[in-house]
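Chain by chain, the residues run as shown.
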Amino acid sequence: MRCGAFFRVRLWLMLKWTWDAREYGSPPTKLANGETEVHHRPKRGWIWNQFFVLEEHTGPDPQYVGKLHSNSDKGDGSVRYILDGEGAGSIFIIDEVTGDIHATKSLDREKKSHYVLHAQALDRYTEEALEPKSEFIIKVQDINDNAPKFPDGPFVATVPEMSEVGTSVLQVTASDADDPTYGNSARIVYSILQGQPYFSVDPKTGIIRTALADMDREAREHYTVVIQAKDMAGQVGGLSGSTTINITLTDINDNPPKFPQKNYQLYVPESAQVGKPVGKIKANDDDLGINADIKYSIINSEGANTFSISADRDTKEGIISLKKPLNYERKKSYTLHIEGMNTHADPRFSYLGSFKDTATLKITVGDVDEGPVFSIDHYIMDVYENAPRGTEVGAVTARDPDSRNSPVRYFLDSKEDDERYFRIDEITGVIRTTKPLDREDITWHNITVMASEVANLKITNDEMNWSHVPVTVQVLDVNDNPPEVAADEEIILCESSRPGQVIQTVTAVDKDDFANGQRFAFALPSQLPVNPNFTLKDNEDSTASIIARRRRFNHLTQELYELPIVVWDGGEPSLSGTSTLTLRVCPCQRHGRIRACQGEAFLSSAGLSTGALIAILLCIIILLAIVVLFITLRRSKKEPLIISEEDIRENVVTYDDEGGGEEDTEAFDIIALRNPAAAEELKFRRDIRPEARQHCGLLRSRRSPSVDLDDVDVQEFIKQRQVDADLDTSVPPYDSLQTYAYEGQGSPTGSISPLDSPGTQSEQDYNFLDEYGPDFQRLAELYGRADSDVSTVCDSNLVQTKSV
């Protein structure tokens, strides 16, 4: 095939082209006149497919791209391949002999995604083109080397308080520089790292929504949410980026106004000017802005005809003014029913009741007869709490408007200051404290200072000419209350918690005002060892996050954990307090939902599993069965306490347990004490039962009156027997107890033991017992027969001994 060369691409990079048949001429055609017509065809055009090369190649050798080959290349090196275009010679090099193309540098698809090059095959010796110049593209193939980014973060968003679950807050969008058309390198999934359980995020769209109903701005206003974007569709190995969204709850009118007190008192002199304010009253509203606007009104006709009330836009106070002149002689007091109502009510919260409150104000009219005139109509003073007794609060001044300018004396109205927090200097009008004040107890003190001319003090009390002025004392705050961690209930800890997972976000409360009580720092106690289960992260926004330090908790092993937390306020000086939180371990479902906690509290509180309780019950049952079996066997072994007629011995019997009879006894013959000399000759074993022959002989020996023990030292005798017993190797290796009934020598009373009674057969006649009935009849037979049997047995034994 003449010039039928074409390029082939080896490996996975395939280079294809088609040629135009017009490049080469067709065979010549002979004409009718014999001439030959040559057909000329235009050159064919080559169309190349693209090569592929991976970006960010970091190998030690140049990266192989592909191979160019011409059919004209017979492998003898006569064909030379050349390459030009974008990056030719600097980035891409070609082996002139083999046609192999390599990339010498690491490429970045995000900077340049493809390169256009031209290839040609030449005859090495003639430099003639064996193939026309053809164009092809090398495309940089993408790898996941770019993490998602939030170009517009961090974000600020707002959402109304008390919003329903699922309310949209904000949509965040992350961008990924990787190729979105290739694989999952740019496929992003969103998740929330911080802000649960208050907010959630849609994993595909990045829309942040509320996840907790009835979030109250008055309880918490600001939230910090951290959103993570992860490529590779969230799979392991994907790259991630995060951003922060500061969400603020906007206020709605969900709190009605409320008066701190239901009853107020106000003193108004009859000389008060019409249209001038005579007092103030305020209802508190936790809302903000227009939601806290209050309209005051006097709802009873008695007060509305004489007084008016208007709201101060800045202070939200109700200013009471006089509409008509007062006359002490006609009416000495007025009762005003004052109502405070929100001007912008939200119908969604009508179920909470009416958004208004009422209070009663009793106004006392003072009699004025050109009395002293105070420099101002209303004094406002302040003093720090915890100030020592006698601290100066302020001073009031009054003068006599008359020409005589009489001296003025000052007094406090005792009816209003029942606790007597203040006193006033009668001459100077300086008001001082009588005791340390507590702002957290009472913030405002309303007192009335009365002034009178010195000349009028001599008049009776009913005719005194007093001037009155209201004095409002504000107690200023000092940082005297340590903060506490706000924990109304125990914290639930899921068993499936992971290291680094936020268990709970805690806040703090402080009785002090905003200036000293709303900036908090948190930490674990430094004097305690490192907690192996939890750690604490200060979020630096007056909140802290409890984070798990280990994987998996088991409520059967330990159900409750206690975590002490130290919190500091931002006051001067800073105070700290330690609160101990209780964390209860509970089994949880997916997404942190509690599966069961209370139902297992019974077993968990004791720290025992179900298997342990079953094992304990089985042990108790087995012990009871053993006790019952033991009692049954003991009862079956009991025998009558009547001594056998064939075994009558005069000895001391010891019992190891109750009711065992003679089977459980050890009997010891006491002849050794009666006749030590005879006992020395016998030396029989005392730990076995004597034979009948020996027994009877000893009985006769004991009954003999010829035995004299006056010269026998019993103590020496016993010692001698003890030595014999220790040296005797024939006896069993166990100790035995030997009891002797001998009471010693020289006793004037003798032995009281029944064993000292004569051993011969008693001559007592027991027939008189027959008169007492059949039972005593049987007793008489037993005693009579026992004596006869003993005598008979012993006599027969003696006879046998003699015959032998």
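None of the values given here were measured: they were computed from a predicted structure.

Of regular secondary structure, the chain possesses 9 helices and 42 strands. A sequence separation of at least 24 residues applies to 66% of the contacts in the chain between residues at least 6 apart. Summed over its atoms, the accessible surface of the chain is roughly 48000 Å², and 52% of this surface lies on carbon and sulfur atoms.

Right, let's talk about the state of the cysteines for a bit. Taken as a whole, this structure holds 1 disulfide when the rule is applied. Each sulfur of the disulfide joining Cys494 and Cys588 lies 2.1 Å from the other. Here Cys494 and Cys588 share a disulfide; its torsion about the S-S bond, -85°, makes the bridge left-handed. Here Cys494 is found in strand S34 (residues 491-494), whereas its partner Cys588 is found in the loop between strand S40 (576-586) and helix H3 (601-606), with 94 residues between them in sequence. For Cys588, a relative accessible area of 16% gives the class buried.

With that settled, consider the side chain of Asn291. Following the sequence through the fold, Asn291 ends up in the loop between strand S18 (277-282) and strand S19 (294-298). Of the residues examined, Asn291 reaches a relative accessible area of 13% and is grouped as buried.

Here we take up the confidence of the model for the chain. Looking at the chain, the pLDDT average stands at 75 and 69% of residues meet or exceed 70. Confidence drops under pLDDT 50 across residues 641-650; counting only partners more than four residues distant or on other chains, this segment forms 20 contacts. Predicted confidence is poor over residues 753-762, with pLDDT under 50, and the contacts of this stretch with residues over four places away or in other chains come to 20 contacts.

Time to look at the UniProt feature "transmembrane region" (unreviewed entry) in the chain. What UniProt calls "transmembrane region" (unreviewed entry) maps, in this numbering, to residues 612-633. The distance separating the terminal C-alpha atoms of residues 612-633 is 32 Å; by composition the span is 100% helix and 0% strand.

Quick look at unusual backbone geometry now. Pro197 follows Gln196 through a cis peptide bond whose omega is 5°. Structurally, the position occupied by Pro197 is in the loop between strand S12 (189-194) and strand S13 (199-201). Even without a glycine there, the phi angle at Met162 is positive, about 60°. If you trace the backbone, Met162 turns up in the loop between strand S10 (155-160) and strand S11 (168-171). Even without glycine at this site, Lys316 takes up a positive phi of about 60°. The topology assignment puts Lys316 in the loop between strand S20 (307-311) and strand S21 (317-322). The exposure class of Lys316 is partly exposed, given its relative accessible area of 23%.

This brings us to the pairing of strand S22 (residues 333-342). In terms of strand pairing, S19 meets S22 through 5 bridges, oriented antiparallel. The partner of Tyr296 across the bridge, within S22, is Gly340. Looking at chain direction, S22 and strand S23 (residues 356-366) are connected through 9 bridges and run antiparallel. For Thr335, the partnering residue across the bridge sits in S23 and is Lys362.

Turning to the pattern of salt bridges, a few remarks are in order. Overall, the coordinates contain 15 salt bridges when judged by the stated rule. Linking Asp84 and Lys133 is a salt bridge whose minimum nitrogen-to-oxygen distance equals 3.4 Å. Of this pair, Asp84 sits in strand S5 (residues 79-85) while Lys133 sits in the loop between strand S8 (114-123) and strand S9 (134-141); the two residues are 49 residues apart in sequence, bridging distant segments of the chain. The exposure class of Asp84 is partly exposed, given its relative accessible area of 29%. Notably, a salt bridge pairs Glu86 with Lys112, separated by 3.6 Å at the nearest N-O pair. A residue pair is termed long-range when its members are at least 10 positions apart, and Glu86 in the loop between S5 and strand S6 (92-94) and Lys112 in the loop between strand S7 (100-103) and S8 qualify at 26 residues. Of the residues examined, Glu86 reaches a relative accessible area of 34% and is grouped as partly exposed. Taken together, the salt bridges that share partners define one network made up of Arg80, Glu96 and Glu127.

What follows deals with the environment of Val140. Considering the arrangement of structural elements, one finds Val140 in strand S9. The exposure class of Val140 is buried, given its relative accessible area of 2%. Taking the C-alpha atoms as reference points, Val140 and Phe52, 88 residues apart in sequence, are found 5.9 Å from one another. In contact with Val140, not counting residues within four places along its chain, are Val53, Glu55, Leu107, Arg109, Lys112, Ser113, His114 and Tyr115.

A sheet is described by the order of its strands in space; here 3 strands give the open sequence S11-S14-S13, paired in antiparallel fashion. Pairing within the sheet leaves two strands with one partner each, and these edge strands are S11 and S13. When strand polarity is set aside, the average angle formed by the axes of neighbouring strands in this sheet is 25°. Pairing analysis gives 3 bridges linking S11 to strand S14 (residues 207-210), with the strands arranged antiparallel. In the sheet register, Gln171 faces S14, and the bridge partner there is Ile207.

Strands sit in the order S34-S40-S39-S36 across an open sheet of 4 strands; the sheet is mixed. Strand pairing shows two members of the sheet lacking a second neighbour, S34 and strand S36 (521-523), which therefore form its edges. Mean inter-strand twist for the sheet, computed between neighbouring axes without regard to direction, equals 40°. Sheet topology places S36 next to strand S39 (residues 560-568); 3 bridges connect them, and they run antiparallel. Pairing of Phe522 across the sheet is with Val567, part of S39.

Parameters at a glance
Residues numbered from 1 in each chain as written. Predicted model: local features only at pLDDT ≥ 70, side-chain atom pairs only at ≥ 80, totals over all residues. Heavy atoms only, no water. Helix = DSSP H or I, 4+ residues; strand = E, 2+ residues; numbered from the N terminus. Contact = heavy atoms within 4.5 Å. Areas by Shrake-Rupley, 256 points an atom, 1.4 Å probe, with all protein chains shown as cover. Disulfide = S-S within 2.5 Å. Buried < 20%, exposed > 50% of the residue type's maximum accessible area, 1.4 Å probe, protein only. pLDDT = per-residue confidence, 0-100. UniProt positions renumbered as here; feature names shortened; annotations may be inferred. Pairing = 2+ DSSP bridges. Salt bridge = Lys/Arg side-chain N within 4 Å of Asp/Glu carboxyl O. Axes fitted to C-alpha atoms, helices over the stretch in contact; angles between N-to-C directions.

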